[in-house]
There are 2 protein chains.
Amino acid sequence: MTSVQSLSSPARLASPEEGISTDELALAARNHGLPLEALRYDLTPPGLHYLLIHYDIPFATDAEWMVTVTGSVARSLTLDMAAIRELPRRTVAVTMECAGNGRARLHPRPVSQPWMVEAVGTANWTGTPLAGVLEAAGVTPDAVEVVFTGADHGVERGVEQDYQRSLSLTDAMADDVLLCYEMNGEPLLPQHGFPLRLIVPGWYGMAHVKWLRDITVVDTPFQGFQQVTAYRLRQEPDEVGEPVTRIFPRALLVPPGFPDFMSRRRFARPGPIMIEGRAWSGWGPVVSVEVSADGGATWAPATIDAHSDAAADGAADPVRRWAWQRWTFLWDATPGAHELCARATDGTGRVQPLDDRWNRGGFANNAVQRVPVTVE
Amino acid sequence: MTSVQSLSSPARLASPEEGISTDELALAARNHGLPLEALRYDLTPPGLHYLLIHYDIPFATDAEWMVTVTGSVARSLTLDMAAIRELPRRTVAVTMECAGNGRARLHPRPVSQPWMVEAVGTANWTGTPLAGVLEAAGVTPDAVEVVFTGADHGVERGVEQDYQRSLSLTDAMADDVLLCYEMNGEPLLPQHGFPLRLIVPGWYGMAHVKWLRDITVVDTPFQGFQQVTAYRLRQEPDEVGEPVTRIFPRALLVPPGFPDFMSRRRFARPGPIMIEGRAWSGWGPVVSVEVSADGGATWAPATIDAHSDAAADGAADPVRRWAWQRWTFLWDATPGAHELCARATDGTGRVQPLDDRWNRGGFANNAVQRVPVTVE
């Protein structure tokens, strides 16, 4: 066994009374979520969008970056950033969420990046459709998947690797899948994949490979670590498991009133309070948001706004169907202790559960948010 | 006792075996540090600068923002942002660090925002000198301090408050103290105090009041919560304690090689590795950085770069003396387990300790960074 293997631990579950470990804390200090009051912004300001970096942020320059297209193609391609920017340009507003969002609420807790509910953000992503690049390379008839390799390098559960994920050829050829070089009208920030990343609207974050340096069309299903070991829904460690793919519906609200510093517990004054939030699903449009002020015992419908037409950065007519929708609910806050909840349902009938959805990786836990508020 | 008081806990220390709590984790998920590989950048890119928000990020517009100057002045002032931007303009490159940086390494651990070593960042801050505004208001002879009030509102240890801090009149009148409206040549981001904040170069972050809405000149020392209860160096809870003020020296290095995802433990190949890092002090210039590859048993000098003259955003000749300095050290990495450390000394003779510096608030713990690296 090499020291890489001996010093890189296998996946584990926390014991029942085990607090958050120093390792989990170190990840939480690097990566970060959206402060919930920033749900107010249609497009998440720079630095408030959630961030999950598997290894290190690679150092990169725009001038020297190259991406290759190889494998089951008629013509291998090597493209620099100037060449990519000359290709047809498309802007898509996308709500992106980490597959592990909600993990730290689970019992037992899978030990990994410990998200509560805040691993989300929305941006206008600009790039060129991947389909056009694959068409230029000439995908051959034996192709079944496309593998995307990033420049971030590390070890995970004993496996040294560059970050890699695949999509089926059908998913890869979808209209809104982009080779992306701008976020909200600016070059990508280093932590968001500068100078080039993949954007796969509707999918959890693991699919949107950052620091993209190679696209390989393959004739057998990809068996890489992030595809078949991580990012699987499993109850037992030896299951093959179901792949994590699209984002399950979720609604989050801006916690009303004001917080206690340490507990983030909320206090509000009595009277009418306009509760606002956002809701999204990667499976289909959100068709209803309901709000409860009694911890989920009773529910009332919220009002969902239409998608805003204007992009904050002036991009002409971005595709909006993958972005969250704003909703509001007028709450008559009466003195006492309350627990606010919001619940989204999408057009495919998927709805948020009241209780946590457990699996060994802590993925796709879209249980309803619970916000205790004391009114006095 | 009101519910605000009963639901907002007093300060406490974690018990010896207590893991990080859910409350601490919720703070770590909102606030975030600098990923250490971003020490590579002279100016920290947006979103990678550390962030500590006591309560919520207030919603603000540039057009409606007003700051008042009141108290022991000949003429009270009310300034809007257009008026502030017409005043003399100055850009200062400032390394800012949270006073609680290093807190989570302490035993016993003060329960608060649980930083490891990463609560730092450097930016070019542009604004107008506070001294000019105070001169325009005409400070009266009875003045002793200046109190700064932000718009962020919350509860802390039972005390409902707007965030407030003071400076002595002498400190407030220093050349480089700014009413600041730009960060790296762009309007402030919401989380960094948009549209107006205070910048107090050389001081820990608690002094740089964000979302600044009032400046009050007072004739007696300010007794507010953040001045006399929080941000004090105390060994026992009933001490008056020493105020937390300027930043103690610290050097941090970019961890070499590549990480394990979960532990962030590093692996590297044998051979010469150029170690790079940054060092800073709010008390005086850094005059030496030493590196140890054996956990602090032996030390060798690093090479400190001169301050870079060029600002990344093209600001003309920013003041650089408050910004970190880059340093390098050529390490000959041999197979085996090593522990890299770096230690800064400033011109006042202050030097980083090898062991943690404990106080009940977990402030100003500038013990040397320790980076285990396995070479194979």
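These numbers come from a predicted model, not from an experiment. (Residues numbered from 1 in each chain as written. Chains lettered and ligands numbered in written order. Predicted model: local features only at pLDDT ≥ 70, side-chain atom pairs only at ≥ 80, totals over all residues. Heavy atoms only, no water.)

**Considerations on the overall build of chain A**
So, point 1. Each helix and strand counted, chain A has six helices and 23 strands in total.
So, point 2. What you see for chain A is a C-alpha radius of gyration of 21 Å, in line with the 21 Å of a compact globule of 376 residues.
So, point 3. Referenced to the eigenvectors of the C-alpha coordinate spread, the extents of chain A come out at roughly 70 × 55 × 35 Å.
So, point 4. Taken across its 376 residues, chain A has 61% of its residues classed as buried. (Helix = DSSP H or I, 4+ residues; strand = E, 2+ residues; numbered from the N terminus. Rg over C-alpha atoms; globule rule 2.2 N^0.38 Å. Buried < 20%, exposed > 50% of the residue type's maximum accessible area, 1.4 Å probe, protein only.)

**Points about the interface of chain A and chain B**
So, point 1. At the interface, 63 residues of chain A touch 63 residues of chain B.
So, point 2. At the boundary of chain A with chain B, the tally comes to eight salt bridges.
So, point 3. Where Arg264(A) meets Asp56(B), a salt bridge forms, and the shortest distance between an N and an O atom there is 2.8 Å.
So, point 4. Inspection of the chain A/chain B interface yields 23 residue pairs in polar contact (both at pLDDT 80 or more).
So, point 5. If you list the elements that add at least two residues to the side of chain A that touches chain B, you get α1 (3-7), α2 (22-30), β5 (145-156), β14 (258-259) and β15 (266-268) of chain A. (Contact = heavy atoms within 4.5 Å. Salt bridge = Lys/Arg side-chain N within 4 Å of Asp/Glu carboxyl O. Polar contact = N/O pair within 3.5 Å; in protein donor to acceptor, adjacent residues only side chain to side chain.)

**Observations regarding the packing of aromatic side chains**
The way to describe two aromatic rings as a pair is by their centre distance and the angle between their planes.
All names here are of chain A.
So, point 1. Counted by the stated rule, this structure contains 12 aromatic pairs over all chains.
So, point 2. Pairing Phe248 with Trp283 gives two aromatic rings, centres 5.6 Å apart and planes at 50°, and the pair type is tilted. One end of the pair, Phe248, is in the loop between β12 (242-243) and β13 (250-253); the other, Trp283, is in the loop between β16 (271-280) and β17 (286-292), with 35 residues separating them in the sequence.
So, point 3. We note Arg197 situated over the ring of Trp125; from NZ or CZ to the ring centre the distance is 4.9 Å.
So, point 4. Sitting above the plane of the Trp299 ring, Arg343 keeps its charged end 4.0 Å from the centroid. (Phe/Tyr/Trp six-rings, centres within 6.5 Å; stacked < 30°, edge-to-face > 60°. Lys NZ or Arg CZ within 6 Å of the ring centre and 35° of its normal.)

**Examining the sheet that holds strand β23 (residues 369-375) of chain A**
Residue and element names in this part refer to chain A.
So, point 1. One open sheet holds the six strands; their spatial order is β14-β15-β23-β22-β17-β18, and the pairing between them is mixed. Whereas interior strands pair on both sides, the edge strands pair on one side only; in this sheet they are β14 and β18 (300-301).
So, point 2. Note: strand β22 (residues 336-346) against β23, seven bridges, orientation antiparallel. Along β23, the bridge assignment pairs Gly336 with Val375. (Pairing = 2+ DSSP bridges.)

**Re the domain arrangement of chain A**
Residues and elements named next belong to chain A.
So, point 1. Examined at the domain level, chain A breaks down into domain 1 (3-243) and domain 2 (250-375).
So, point 2. The distance between the C-alpha centroids of domain 1 and domain 2 comes to 25 Å.
So, point 3. Residue-level contacts link 45 residues of domain 1 with 36 residues of domain 2.
So, point 4. Carbon and sulfur atoms make up 54% of the surface buried where domain 1 meets domain 2, a total of about 3,600 Å² over both sides.
So, point 5. Among the residues of domain 1 in contact with domain 2, Leu39, Asp42 and Arg105 are the three that bury the most area, contributing 17% of the side total. (Domains from an automatic or database assignment. Buried area = accessible area lost by both parts, 1.4 Å probe.)

**Examining unusual backbone geometry**
So, point 1. For the peptide bond that leads from His107(B) to Pro108(B), omega is -10°, which places it in the cis range.
So, point 2. Note that Pro108(B) resides in the loop between β3 (90-97) and β4 (120-129).
So, point 3. Cis geometry marks the peptide bond from Phe194(B) to Pro195(B), where omega comes out at 5°.
So, point 4. If you trace the backbone, Pro195(B) turns up in the loop between β8 (186-187) and β9 (197-199).
So, point 5. At Trp211(A), a residue that is not glycine, the phi angle is positive and equals roughly 50°.
So, point 6. Within the secondary structure, Trp211(A) sits in the loop between β9 (197-199) and β10 (212-218).
So, point 7. Backbone geometry places Ala364(A), a non-glycine residue, at a positive phi of 60°.
So, point 8. Following the sequence through the fold, Ala364(A) ends up in the loop between β22 and β23.

**Thoughts on the relation of the copies chain A and chain B**
Copies of the same chain, two in number, are related to each other by a rotation about an axis and a translation along it.
So, point 1. With an RMSD of 0.0 Å, the operation that places chain A on chain B is a rotation of 180° combined with a shift of 0.0 Å along the axis. Such a combination of turn and shift is consistent with a two-fold rotation axis.
So, point 2. Of the interface residues in chain A, 100% have counterparts in chain B that sit at the interface too, so the contact is made through matching surfaces. (Least-squares fit on C-alpha atoms with pLDDT ≥ 70 in both.)

**Here's the deal with the UniProt feature "domain: Oxidoreductase molybdopterin-binding" (unreviewed entry) in chain A**
So, point 1. Annotation from UniProt places "domain: Oxidoreductase molybdopterin-binding" (unreviewed entry) at residues 54-225 of chain A.
So, point 2. Secondary structure over residues 54-225 of chain A splits into 10% helix and 40% strand, and the C-alpha atoms at its two ends are 13 Å apart. (UniProt positions renumbered as here; feature names shortened; annotations may be inferred.)

**Things to note about the state of the cysteines**
Residue and element names in this part refer to chain A.
So, point 1. Per the counting criterion, the structure on display carries zero disulfides over all chains.
So, point 2. Its sulfur unpaired, Cys98 is 18 Å from the next cysteine sulfur, which belongs to Cys180.
So, point 3. For Cys98, a relative accessible area of 6% gives the class buried. (Disulfide = S-S within 2.5 Å.)

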